[in-house]
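Fold and geometry: a report
So the chains spell out like this:
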Amino acid sequence: KSARAGGEMVKALILVGGFGTRLRPLTLSVPKPLVDFAGVPVVVHQIRALKEAGCSEVVLAINYQPETMQKFIDEWSPKLGIKITISRETSPMGTAGPLALA
């Protein structure tokens, strides 16, 4: 499937830049979107649902542990069969801030 809006491929933005303070101690060693849920990182469930809905690309708006998130993308993008890119905040921009970077 491929979703199109006016002939364009559809991208999705997932805001994953938070520090995950409410999930501590789980997020002391791994970013919140990579916390295991049912055997895979929680963000994988979101990406699978987006792909099933027809999205062709997912942009992850990141801030916390960018190197760990890049390793995730390098490993999981081919496994999931969808393009995953990052939009990195150099400083926290608030909830809607990453939309300006995407």
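This text goes with the structure placed above it.
In this report, we go over the structure that sits alongside the text. Just so we're clear, the structure is a prediction, and the values are computed from it rather than from any experiment.

1. Some details on the sheet that holds strand β6 (residues 57-62)
The strand order across the open sheet formed by three strands is β3-β6-β7, and the pairing between neighbours is parallel. The outermost strands of the open sheet, each flanked by one partner alone, are β3 (11-15) and β7 (83-88). Neighbour to neighbour, the strand axes of the sheet diverge by 25° on average, direction disregarded. Strand direction decides the pairing type here: β6 and β7, joined by six bridges, are parallel. Paired with I62 across the strands is R88, a residue of β7. Where helix α1 (residues 42-52) meets the sheet, it contacts β3, β6 and β7, and its direction lies at approximately 160° from that of β3. Contacting β6 and β7, helix α2 (residues 66-80) crosses the sheet at an angle of about 165° to β7.

2. Notes on the environment of K11
By secondary structure assignment, the location of K11 is in strand β3. A relative accessible area of 56% means that K11 is categorised as exposed. Sequence spacing of K11 and E57 is 46 residues, and the spatial spacing of their C-alpha atoms is 4.8 Å. In contact with K11, not counting residues within four places along its chain, are E57 and V59.

3. Some thoughts on unusual backbone geometry
Phi at A38 takes a positive value of approximately 55°, unusual for a residue other than glycine. Looking at the element boundaries, A38 is found in the loop between β4 (36-37) and β5 (40-41). Backbone geometry places Q65, a non-glycine residue, at a positive phi of 50°. With respect to the helices and strands, the residue Q65 is situated in the loop between β6 and α2.

4. Brief notes about the nonpolar core
Counting 19 residues, the largest nonpolar core has V43, I47, L60 and F72 as the members making the most contacts within it. Ranked by the residues each element gives to this core, the list is headed by α2, at five residues. Sequence-distant contacts of I47, that is, excluding residues within four places in its chain, are made with I14, V58, F72, L80, I82 and I84.

5. Topic: the pairing of β6
With respect to burial, β6 is a largely interior element, six of its six residues being buried. Burial of the side chains of β6 extends over both faces: E57, V59 and A61 are buried on one face and V58, L60 and I62 on the other. Where β3 lies against β6, five bridges are found, and the strand directions are parallel. Bridge assignment links L15 to a residue of β6, and that residue is A61. Crossover β6 to β7 through α2 is right-handed.

Criteria and thresholds
- Residues numbered from 1 in each chain as written.
- Predicted model: local features only at pLDDT ≥ 70, side-chain atom pairs only at ≥ 80, totals over all residues.
- Heavy atoms only, no water.
- Pairing = 2+ DSSP bridges.
- Helix = DSSP H or I, 4+ residues; strand = E, 2+ residues; numbered from the N terminus.
- Axes fitted to C-alpha atoms, helices over the stretch in contact; angles between N-to-C directions.
- Contact = heavy atoms within 4.5 Å.
- Buried < 20%, exposed > 50% of the residue type's maximum accessible area, 1.4 Å probe, protein only.
- Core = buried A, V, L, I, M, F, W, Y, C linked by side-chain atoms within 4.5 Å.
- Right-handed = clockwise from strand over helix to strand, strands pointing away.

Just geometry here; none of it tells us what the structure is for.
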